[in-house]
Amino acid sequence: MLRFLLAGALALSLAACSQSGEGPSPGDNGEVNIYSSRHYDTDLRLYEDFSEQTGIKVNRIEAGADALIEKIVSEGEFSPADLLVTVDAGRLWRAEEAGILDPVDSEVLAKRLPANLRHPDGLWFGLSTRARVIIYDASQGRPEGLETYADLADPKFRGDICVRSSSNIYNISLLSSIVAHKGEGAAEQWAQGVVANFARAPQGNDTSQIEAVAAGECRLSIVNTYYLARYAGGDEAERAMFDKVGVIFPNQDSTGTHVNVSGAGVVKGAPNRANAIRFLEYLTSDSAQRYFADGNNEYPAVAGLEATSTVERLGEFRADELDVAQIGENQRTAVEIFDRAGWN
Ligand code: FE
């Protein structure tokens, strides 16, 4: 269901001017329309703060990413959408493929955001990151010889792995990164090896995997860091569950741990294009980065900024510096590999 939310009761209707070197578009009228698949209270704070700073009113439509992309496509040239905010490079790639994003050339964004976390032509920008890590049943101790994603395919872990379905974008993106690093053949061998080690047919979401490992139903799984941080910073029962799982940041001696982004792109034909760019630039400020990342227990994309103490508690790690755009490019190949490997 779509909800239209107005943020920033104090919003004034001042004309906007961009910091990006692009002048205001002719249609810019003191507001910006954001289509977002995020739904965190901290995001509301960001919209209000932006409105107070700039006088630009923020209108927001919330829905799932695929629904938002479809909506923008069907609205066509009459779409009021200025900015699409969503998670995962795979979804940003879907938006790109749907032809609804327009390149942005902003000195601020180029300077603040690492090159590997944004689209090479400026179609979208990663604003925070999450890592996809291995977890294990702590009651059985840290498994010997499990340091990499590749190790998950080792026959010694037969019957040990619980994982979610291959239709889930996080697994598609993880496999896409393996395709990018090692090629299609090696990626397929890996997928086959992991399938052979399944404890049960793929099911549930990342939260279900954490609960299954904590309950000793499976020894190993693969999950995103922000789910772990939710348990680590949760109520007593959740913290107790967190204590029952161990965390391994894979590939520390090779490519680094797979990371993905929450990000945003300016929509083609955006009626308030300059305001959308200004909002994107605002999101890379130190304080906005903190709120944006904290809203979902993620890591700020801007270098030198720390995550919350709960997130930091998961451990320090070296992140894969693969161009996140390549994760998008390999989505189709990854889906085909999962199909052939029988990872349902
Ligand atoms: Fe998620």
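Residues numbered from 1 in each chain as written. Predicted model: local features only at pLDDT ≥ 70, side-chain atom pairs only at ≥ 80, totals over all residues. Heavy atoms only, no water.

### Section: the packing of helix 5 (residues 169-182) against helix 6 (residues 184-196)
One can describe the packing of helix 5 onto helix 6 by two numbers: an axis separation of 7 Å at closest approach and a directional angle of 135°. Relative to helix 6, helix 5 is oriented oblique. The handedness of the crossing between helix 5 and helix 6 is right-handed. Contact residues: Leu174, Leu175, Ile178, Val179 and Lys182 in helix 5; Glu184, Ala186, Ala187 and Trp190 in helix 6. (Axes fitted to C-alpha atoms, helices over the stretch in contact; angles between N-to-C directions. Helix = DSSP H or I, 4+ residues; strand = E, 2+ residues; numbered from the N terminus. Parallel < 35°, antiparallel > 145°, perpendicular 65-115°, else oblique. Left-handed = near helix turned anticlockwise from the far one by under 90°. Contact = heavy atoms within 4.5 Å.)

### Remarks on the coordination of the iron ion
Bound to the iron ion are the protein donor atoms Tyr170 (OH), Tyr226 (OH) and Tyr227 (OH), situated 1.9 to 2.0 Å from the metal. Donor residues for the iron ion sit on one chain with the sequence pattern Y-x55-Y-Y. With relative accessibility at 2%, the residue Tyr226 sits in the buried group. (Donors = N, O, S within 2.8 Å, 3.2 Å for Na, K, Ca; no water. Buried < 20%, exposed > 50% of the residue type's maximum accessible area, 1.4 Å probe, protein only.)

### Quick notes on the packing of helix 5 against helix 14 (residues 331-341)
Two elements in contact, helix 5 and helix 14, have axes separated by 8 Å at closest approach and are oriented at 105°. By the angle class used here, helix 5 and helix 14 are roughly perpendicular. Contact with helix 5, carried on its side by Ile169, Asn171, Ile172, Ser173, Leu175, Ser176 and Val179, involves Gln331, Thr333, Ala334, Val335, Ile337 and Phe338 of helix 14 and no other residues of that element. When the residues that make up the contact of helix 5 with helix 14 are grouped by side-chain class, the tally is eight nonpolar, five polar and no charged. (Nonpolar A, V, L, I, M, F, W, Y, C, P; charged D, E, K, R; others polar.)

### Comments concerning the domain arrangement of the chain
It is common to report an interface's size as the accessible area lost on association of the parts. Structurally, the chain comprises domain 1 (11-128 + 261-307) and domain 2 (130-257 + 319-341). Placing the centre of domain 1 and that of domain 2 at their C-alpha centroids yields a distance of 29 Å. If you look at the interface, domain 1 gives 21 residues, while domain 2 gives 21 residues. Between domain 1 and domain 2, a total of about 1600 Å² is buried, with carbon and sulfur atoms accounting for 55% of that surface. Among the residues domain 1 hides against domain 2, the three largest losses belong to Trp93, Asn116 and Asn297. Together they make up 33% of the total. Here domain 1 is connected to domain 2 by two salt bridges. Across the salt bridge formed by Arg332 and Glu97, the nearest N and O atoms sit 2.9 Å from each other. For the pair domain 1 and domain 2, the interface holds eight residue pairs in polar contact (both at pLDDT 80 or more). With six residues, helix 3 (residues 89-97) is the single largest residue contributor to the side of domain 1 that touches domain 2. The residue makeup of the side of domain 1 that touches domain 2, split by class, is 10 nonpolar, five polar and six charged. (Domains from an automatic or database assignment. Buried area = accessible area lost by both parts, 1.4 Å probe. Salt bridge = Lys/Arg side-chain N within 4 Å of Asp/Glu carboxyl O. Polar contact = N/O pair within 3.5 Å; in protein donor to acceptor, adjacent residues only side chain to side chain.)

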